[in-house]
Amino acid sequence: MRTIRLCAIIALGLALGYLVSEAAGKRAPCCEKAAKQGRTCDHACCIEAAKQGKNCEKCGGKN
């Protein structure tokens with residue numbers, strides 16, 4: 001019983017860690033597209049967010 005509980009806690013921790021890492025630092029689709037083309041996004045909101053060291057949440061990015 002103790003082993004099952006330990007395995008469940010470990011699995012839950014791994015799943016939670018995956019979800020947090022997946023959501024953190026996700027760039028907006030427009031910024032991803034520009035990066036693939038070798039340039040930076042030219043949206044005013046994305047430029048302002050980049051100056052603050054963040055991803056543009058208005059365009060769908062996550063910090």
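Scroll up for the structure.
Predicted, not measured: the structure shown is a model, and the values here were computed from it.

Peer 1: Before we go on, may I ask you to explain the environment of C56 in this structure?
Peer 2: Among the structural elements, C56 can be located in the segment after α3 (44–51). Judged by its relative accessible area of 6%, C56 is buried. Among all residues touching C56, those that are not within four sequence positions of it are A28, C45, C46, A49 and G61.

Peer 1: Looking at this structure, how should I read the nonpolar core?
Peer 2: As a rule of thumb, nonpolar side chains are buried together in soluble globular proteins. Formed by A28, C30, C31, A34, C41, C46, A49 and C56, the largest nonpolar core amounts to eight residues. When contributions to this core are tallied by element, the ones reaching two or more residues are α2 (29–36) and α3. A per-element tally of this core places α2 first, with three residues.

Peer 1: In this structure, what is going on with a nonpolar patch on the surface? I would like to understand it.
Peer 2: A cluster of nonpolar side chains, contributed by L6, I10 and L14, occupies part of the molecular surface with about 310 Å² of accessible area. For L6, the position within the fold is in helix α1 (residues 2–23).

Peer 1: Please clarify how the environment of C30 should be interpreted in this entry.
Peer 2: By the secondary structure assignment, C30 is in helix α2. Residues C30 and C59 lie 29 residues apart in sequence; the distance between their C-alpha atoms is 7.4 Å. Leave out the neighbours within four places in its chain, and C30 touches C41, H43, C46 and C59.

Peer 1: Sorry, what's going on with the state of the cysteines here?
Peer 2: Two cysteines whose sulfur atoms are joined by a covalent bond form what is called a disulfide. In total, this model carries zero disulfides according to the counting rule given. The cysteine C30 is free of any disulfide, with C46 supplying the nearest cysteine sulfur at 3.7 Å. Considering cysteine sulfurs only, C31 is the nearest to C46, which forms no disulfide, with 3.6 Å between them.

What counts and what doesn't
- Residues numbered from 1 in each chain as written.
- Predicted model: local features only at pLDDT ≥ 70, side-chain atom pairs only at ≥ 80, totals over all residues.
- Heavy atoms only, no water.
- Helix = DSSP H or I, 4+ residues; strand = E, 2+ residues; numbered from the N terminus.
- Buried < 20%, exposed > 50% of the residue type's maximum accessible area, 1.4 Å probe, protein only.
- Contact = heavy atoms within 4.5 Å.
- Core = buried A, V, L, I, M, F, W, Y, C linked by side-chain atoms within 4.5 Å.
- Patch = residues over 30% accessible without salt bridge, like charges linked within 9 Å, V, L, I, M, F, W, Y side chains within 5 Å.
- Areas by Shrake-Rupley, 256 points an atom, 1.4 Å probe, with all protein chains shown as cover.
- Salt bridge = Lys/Arg side-chain N within 4 Å of Asp/Glu carboxyl O.
- Disulfide = S-S within 2.5 Å.

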